[in-house]
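Below, each chain spelled out in residue letters.
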4 protein chains.
Amino acid sequence: MTAVKDRRTEILQASVKIFSKQGFHDAKIDDVAQAAGVAKGTVYQYFSSKQELFQEMIKYAVERYTFIVKEIVYGENDIEEKIYALAVKHGEFLKEHIEMAEVVPHQVNVSKEMRLWIMEQKKHLFLLLEEMIENGKNRGEIRKDVDKEIAVISIMGSLFLYYEKELREHRGMPQRSEPKPLVEFLMRALH
Amino acid sequence: MTAVKDRRTEILQASVKIFSKQGFHDAKIDDVAQAAGVAKGTVYQYFSSKQELFQEMIKYAVERYTFIVKEIVYGENDIEEKIYALAVKHGEFLKEHIEMAEVVPHQVNVSKEMRLWIMEQKKHLFLLLEEMIENGKNRGEIRKDVDKEIAVISIMGSLFLYYEKELREHRGMPQRSEPKPLVEFLMRALH
Amino acid sequence: MTAVKDRRTEILQASVKIFSKQGFHDAKIDDVAQAAGVAKGTVYQYFSSKQELFQEMIKYAVERYTFIVKEIVYGENDIEEKIYALAVKHGEFLKEHIEMAEVVPHQVNVSKEMRLWIMEQKKHLFLLLEEMIENGKNRGEIRKDVDKEIAVISIMGSLFLYYEKELREHRGMPQRSEPKPLVEFLMRALH
Amino acid sequence: MTAVKDRRTEILQASVKIFSKQGFHDAKIDDVAQAAGVAKGTVYQYFSSKQELFQEMIKYAVERYTFIVKEIVYGENDIEEKIYALAVKHGEFLKEHIEMAEVVPHQVNVSKEMRLWIMEQKKHLFLLLEEMIENGKNRGEIRKDVDKEIAVISIMGSLFLYYEKELREHRGMPQRSEPKPLVEFLMRALH
DNA sequence: GATGAATGAGGCTTCATTCAT
DNA sequence: GATGAATGAAGCCTCATTCAT
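Residues numbered from 1 in each chain as written. Chains lettered and ligands numbered in written order. Predicted model: local features only at pLDDT ≥ 70, side-chain atom pairs only at ≥ 80, totals over all residues. Heavy atoms only, no water.

You'll find chain A entered in an unreviewed UniProt entry as Transcriptional regulator, TetR family, with Geosporobacter subterraneus DSM 17957 given as the organism.

Here it is, written out as structure tokens:
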């Protein structure tokens with residue numbers, strides 16, 4: 001928000017970049033420090049351990065992701081536009097953090113509490129999206145007999161794989177792909 | 001199945017278990033050795049390094065997965081039955097190897113050649129499934145205007161997330177879930 | 001001499017001691033570290049591997065040896081005094097580094113480039129000494145028909161064996177032997 | 001002696017080749033076994049450990065060397081011919097065993113008893129050669145005021161370095177060099 | 001006797017973490 | 001607060017040695 005980012009946030013952002021590129025173990029504290037433009041020791045002034053840094057980084061990323069989803073879900077658009085927006089934003093987020101979104105839940109290096117917290121967040125996210133489906137039904141944009149849980153799974157699973165494939169196939173090239181056909185495909189199942 | 005398994009395969013199977021549970025870095029060679037019931041040194045009689053072991057393990061798992069998919073795709077059933085079978089088998093495979101299927105491509109610890117090989121396998125798998133969609137169209141089981149690439153992405157993405165969520169929510173409990181509703185949901189988009 | 005030695009040099013000097021006493025393989029990095037009064041890890045801050053440490057140590061020793069020889073060769077004394085000085089200094093050097101001088105070229109654990117460098121240094125040293133012989137001839141201290149290459153080989157070979165034998169026979173006892181007779185013997189062949 | 005060499009001797013000869021080329025530590029038991037054309041386990045049927053094998057190999061080499069020297073020293077030739085023969089035979093021996101002769105005494109991996117035995121052998125060898133000098137004096141081939149110990153040191157030191165240099169410079173090429181000039185140089189000091 | 005698969009002690013190396021400046 | 005040199009626990013890997021066949 002402010003023009004002056006504090007050190008902590010700088011390090012956190014460097015962490016996102018490094019951890020998502022290299023994974024927990026191959027990311028060295030030194031790499032993060034360099035990326036943040038500080039010395040190794042400085043990292044330890046803001047985070048007590050590599051674990052904690054990793055967890056805080058996840059929190060940071062997950063919260064940003066949740067924020068993005070919330071904005072879309074609570075927006076004014078109809079359901080198709082919302083799903084389309086989800087797709088686009090998800091793609092942007094992935095391009096920034098590469099595998100983060102998917103790797104995160106598989107990473108072993110989080111505390112039990114953290115794992116629970118992540119599950120909580122995921123659940124929260126799903127509920128949010130299920131709410132979106134429910135609203136769609138009420139507004140007549142979605143068939144009444146659609147199972148909202150199934151719908152969310154299918155939408156998000158499709159998006160994940162769509163962008164993972166795109167990233168895999170066009171690695172490096174920042175080409176903007178058009179998820180419209182995918183969204184239309186999904187709408188056929190929903191409407 | 002057979003009473004006589006050679007050491008290499010024993011170690012490979014132990015690797016699948018250990019690596020998929022702990023990830024590359026947290027899995028110690030000693031863990032694998034113990035799981036295979038041999039001494040640390042023995043692992044090195046069959047694999048020249050931890051890296052190689054990991055890669056051979058992936059190969060082993062990917063090939064098994066591909067075999068399963070092939071059996072289904074080339075089977076006699078109609079498209080809905082095939083997707084249902086894919087779902088069930090995918091679920092079984094995941095239960096065995098947990099996160100393997102999804103973590104694999106993100107793992108940093110594979111050689112460039114291996115990464116290419118995996119991408120090749122993925123591409124192969126997708127082509128196989130696209131063929132399945134195409135056949136479905138020809139048999140009138142799938143609408144003609146369905147994009148086969150989109151369809152495969154949506155099907156597989158949905159399956160991945162469906163079982164990931166299930167594993168997350170019922171971790172440990174080997175309860176058999178019923179993917180019929182998901183398949184029916186997908187069929188609405190396809191038919 | 002100076003009160004302030006940098007860590008790198010400290011470790012290098014400890015290496016000379018340890019490697020020359022124990023040889024490449026029997027010298028443990030931990031031994032070197034302890035001899036230098038630092039922790040194992042510290043060695044790796046200054047040298048990337050045991051190999052590199054070994055090679056740098058050789059460089060260090062060879063350069064000191066060459067320096068000593070140069071001082072003598074370019075000094076003001078006559079040829080007999082120079083050979084005597086070479087003998088004495090060689091003995092002192094050996095007492096410090098024991099077998100270093102002779103073992104070095106046979107050690108397997110040097111890179112090809114290093115081996116070439118050592119050969120280059122040896123060649124350089126021989127040329128230096130041949131120059132000394134040539135000067136002796138010009139000053140009438142050495143017969144004109146003496147082959148300078150043969151002369152250098154005989155002088156240095158005699159010195160090597162003389163001190164090796166002495167070290168072997170009086171191992172430990174730092175008794176100062178008198179190489180005068182050997183020098184006089186060599187002078188009979190030269191003059 | 002017999003046309004059929006027993007296994008033990010075969011392994012011993014393979015050891016000479018391997019140890020002299022690679023040094024104690026870099027020579028693997030497997031290398032020796034392969035060179036001898038037997039399996040690893042077989043080596044242990046004849047030698048209880050790598051150490052013992054190494055020591056027996058040294059014994060074998062030293063005894064052969066001593067035998068060669070004895071033949072020359074007790075031969076009928078005059079002193080110059082004997083020194084010449086020593087040079088030629090020493091060169092041949094070195095070409096076969098490369099650095100063996102010089103590396104042996106520096107090797108750390110011999111028991112205290114072995115080290116003592118080697119020193120004993122060396123002393124014996126030197127006494128033999130000093131006897132040769134003494135005989136030369138008695139026959140009037142060598143000046144009376146020559147110190148026999150010094151003479152032997154100078155002769156053998158010169159030979160060692162002469163052939164080491166030759167091997168270094170013409171590594172690989174089996175060219176027969178002519179040590180006559182060196183011998184004549186030494187004779188000037190002796191006569 | 002001969003074999004070579006299995007073993008596990010031991011050493012090099014990495015890197016998270018500390019702490020004096 | 002910031003730094004980065006020093007530390008040492010921990011893990012991969014090698015290879016001498018054993019032993020069942």
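This part covers the relation of the copies chain C and chain D. When chain C is fitted to chain D, the residual RMSD is 0.1 Å, and the transformation amounts to a turn of 180° plus an axial shift of 0.0 Å. Look at the turn and shift together and you get a two-fold axis relating the two. The overlap is high: 98% of the interface residues of chain C also sit at the interface in chain D, so the same surface is used on both sides. (Least-squares fit on C-alpha atoms with pLDDT ≥ 70 in both. Contact = heavy atoms within 4.5 Å.)

Here we take up the protein's contact with DNA strand F. Every one of the 30 residues lining DNA strand F counts as a neighbour, but Thr42(A), Tyr44(B), Thr42(C), Tyr46(C) and Lys28(D) are closest to it. Interatomic distance of 3.4 Å between a backbone N/O atom of Gly41(C) and a base nitrogen of DNA strand F. Between a phosphate oxygen of DNA strand F and a main-chain N or O atom of Lys50(D), the distance comes to 2.8 Å. For the surface near DNA strand F, the elements supplying multiple residues, two or more each, are helix 3 (40-46) of chain A, helix 3 (40-46) of chain B, helix 3 (40-46) of chain C together with helix 3 (40-46) of chain D. Grouping the constituent residues of the surface near DNA strand F by class yields 12 nonpolar, eight polar and 10 charged. (Near = heavy atom within 4 Å. Polar contact = N/O pair within 3.5 Å; in protein donor to acceptor, adjacent residues only side chain to side chain. Helix = DSSP H or I, 4+ residues; strand = E, 2+ residues; numbered from the N terminus. Nonpolar A, V, L, I, M, F, W, Y, C, P; charged D, E, K, R; others polar.)

Moving on to the relation of the copies chain A and chain B. By a simple turn and slide, chain A fits onto chain B: the slide is 0.0 Å along the axis, the RMSD is 0.1 Å, and the turn is 180°. Interface residue correspondence from chain A to chain B reaches 100%, placing this contact among same-surface, isologous pairings.

This paragraph deals with the protein's contact with DNA strand E. Around DNA strand E there are 30 residues in total, and Lys28(A), Thr42(B), Tyr46(B), Tyr44(C) and Thr42(D) lie nearest to it. Backbone atoms, meaning sugar and phosphate, form 71% of the atoms of DNA strand E found within 4 Å of the protein. In the model, a phosphate oxygen of DNA strand E is placed 3.3 Å from a nitrogen or oxygen of the Ile29(C) main chain. Of all the elements in the fold, those that place two or more residues in the surface near DNA strand E are helix 3 of chain A, helix 3 of chain B, helix 3 of chain C together with helix 3 of chain D. Its residues placed into classes, the surface near DNA strand E shows 12 nonpolar, eight polar and 10 charged.

This next bit is on the interface of chain A and chain B. Counting residues at the interface gives 39 residues for chain A, matched by 40 residues for chain B. Around 3,600 Å² of area is buried between chain A and chain B when both sides are counted, 67% of it from carbon and sulfur atoms. Summed over the shared surface of chain A and chain B, the number is four salt bridges. The salt bridge partner of Glu149(A) is Lys165(B), with a shortest N-O separation of 2.8 Å. (Buried area = accessible area lost by both parts, 1.4 Å probe. Salt bridge = Lys/Arg side-chain N within 4 Å of Asp/Glu carboxyl O.)

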